[in-house]
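# Notes for the structure review
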Amino acid sequence: MNLILLGPPGAGKGTQAKRLVNCVGLVQLSTGDMLRAAVANGSAVGLDAKVAMDRGALVDDSIVVAIIEERIDEPDCRNGFILDGFPRTEAQAEALDKMLSNKNLKLDKVIEIRTDDAVLTERITGRFACADCGEGYHDQFRQPLVKNVCDSCGGHNFSRRNDDNAETVRARLSAYHSQTAPLLPYYRQQGVLGEVDGMLGVDEVTDQITKIINGS
Ligand code: ADP
Ligand code: ADP
Ligand code: ZN
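Residues numbered from 1 in each chain as written. Chains lettered and ligands numbered in written order. Predicted model: local features only at pLDDT ≥ 70, side-chain atom pairs only at ≥ 80, totals over all residues. Heavy atoms only, no water.

By definition, the strands of a sheet pair up through backbone hydrogen bonds, in either a parallel or an antiparallel sense. Judged by pairing direction, the sheet is antiparallel, and its three strands sit side by side in the order E6-E5-E7 without closing on themselves. Strands at the two margins of the open sheet, each flanked by one partner only, are strand E6 (136-138) and strand E7 (158-159). With three bridges joining them, strand E5 (residues 127-130) and E6 adopt antiparallel strand pairing. Each residue of the ladder has a partner; that of Arg-127, found in E6, is His-138. (Pairing = 2+ DSSP bridges. Helix = DSSP H or I, 4+ residues; strand = E, 2+ residues; numbered from the N terminus.)

This next bit is on the coordination of the zinc ion (ligand 3). When four donors bind a metal tetrahedrally, each ideal donor-metal-donor angle is 109.5 degrees, and when six bind octahedrally, the ideal angles are 90 or 180 degrees. Coordination of the zinc ion (ligand 3) by the protein involves Cys-130 (SG), Cys-133 (SG), Cys-150 (SG) and Cys-153 (SG), with metal-donor separations of 2.3 Å. With four donor atoms in place around the zinc ion (ligand 3) and angles of 105 to 114° between them, the coordination shape is tetrahedral. Positions of the donor residues of the zinc ion (ligand 3) along the chain correspond to the pattern C-x2-C-x16-C-x2-C. With a relative accessible area of 3%, Cys-150 lands in the buried category. (Donors = N, O, S within 2.8 Å, 3.2 Å for Na, K, Ca; no water. Tetrahedral: all angles 85-135°; square planar, octahedral: opposite > 155°, others 65-115°. Buried < 20%, exposed > 50% of the residue type's maximum accessible area, 1.4 Å probe, protein only.)

By the definition in use, this model includes 18 salt bridges. We note a salt bridge from Arg-19 to Asp-203, for which the minimum N-O separation is 2.9 Å. Pair noted here: Arg-19 is in helix H1 (residues 13-24) and Asp-203 is in helix H9 (residues 202-213), with a separation of 184 residues, a long-range link. With relative accessibility at 30%, the residue Arg-19 sits in the partly exposed group. A salt bridge links Asp-164 to Arg-161; the shortest N-O distance between them is 3.9 Å. (Salt bridge = Lys/Arg side-chain N within 4 Å of Asp/Glu carboxyl O.)

Here it is in structure tokens:
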């Protein structure tokens, strides 16, 4: 099964993708994570991407399409993948359609995580993650069960993204509305779009997604 999670920054795409990886056995493909890894490596792609990411603008289509195309060919993607944060423009969606049909793969579902813009700044500015395993947390909504200890790996190092500030949130939201939201009618027309209520708690959102995946 191949899925896309679509929604604005802070909607819960990463949180839900990680849960689906654990319960359905799909691979999470996050272009944000891949780009951050490229930035950390200091590669040429990373240097290019960093400027846009720091401003909260989208990275060039050609860069993210190339990254995804290479990743989808890895053997672990054969059982299915969850795209988290890709595609984000119509050009990316069209490139994805082409690459899937060339590989005889298909898109099973696109799941829109619907949220009110008003909650997104709070979600993003309170976000942090385990630096060792990537498990996601939130200052108000999801603290580790034991203070300063990761629930998932027992690690003690946590990190915050430097683009998770109120200023870039505005730019990222505006990029979402102008460049990514037009993908909703695109996928509705293909008959693959499903919607979940991202304002609910994390468990309830997972339940709604699981129902869509199971076709009930
Ligand atoms: P995205 O990948 O869409 O940018 P995340 O999954 O990283 O979003 O979630 C953003 C922040 O909001 C994280 O700190 C996460 O713990 C928190 N969060 C995710 N889903 C919910 C939810 N349904 N209710 C409250 N907080 C949430
Ligand atoms: P969030 O889910 O909080 O919006 P991501 O980790 O998905 O954050 O993305 C972080 C940044 O990486 C984006 O603001 C953008 O600069 C870049 N990025 C990630 N995915 C894409 C993409 N598909 N196209 C263009 N830029 C991207
Ligand atoms: Zn951890």
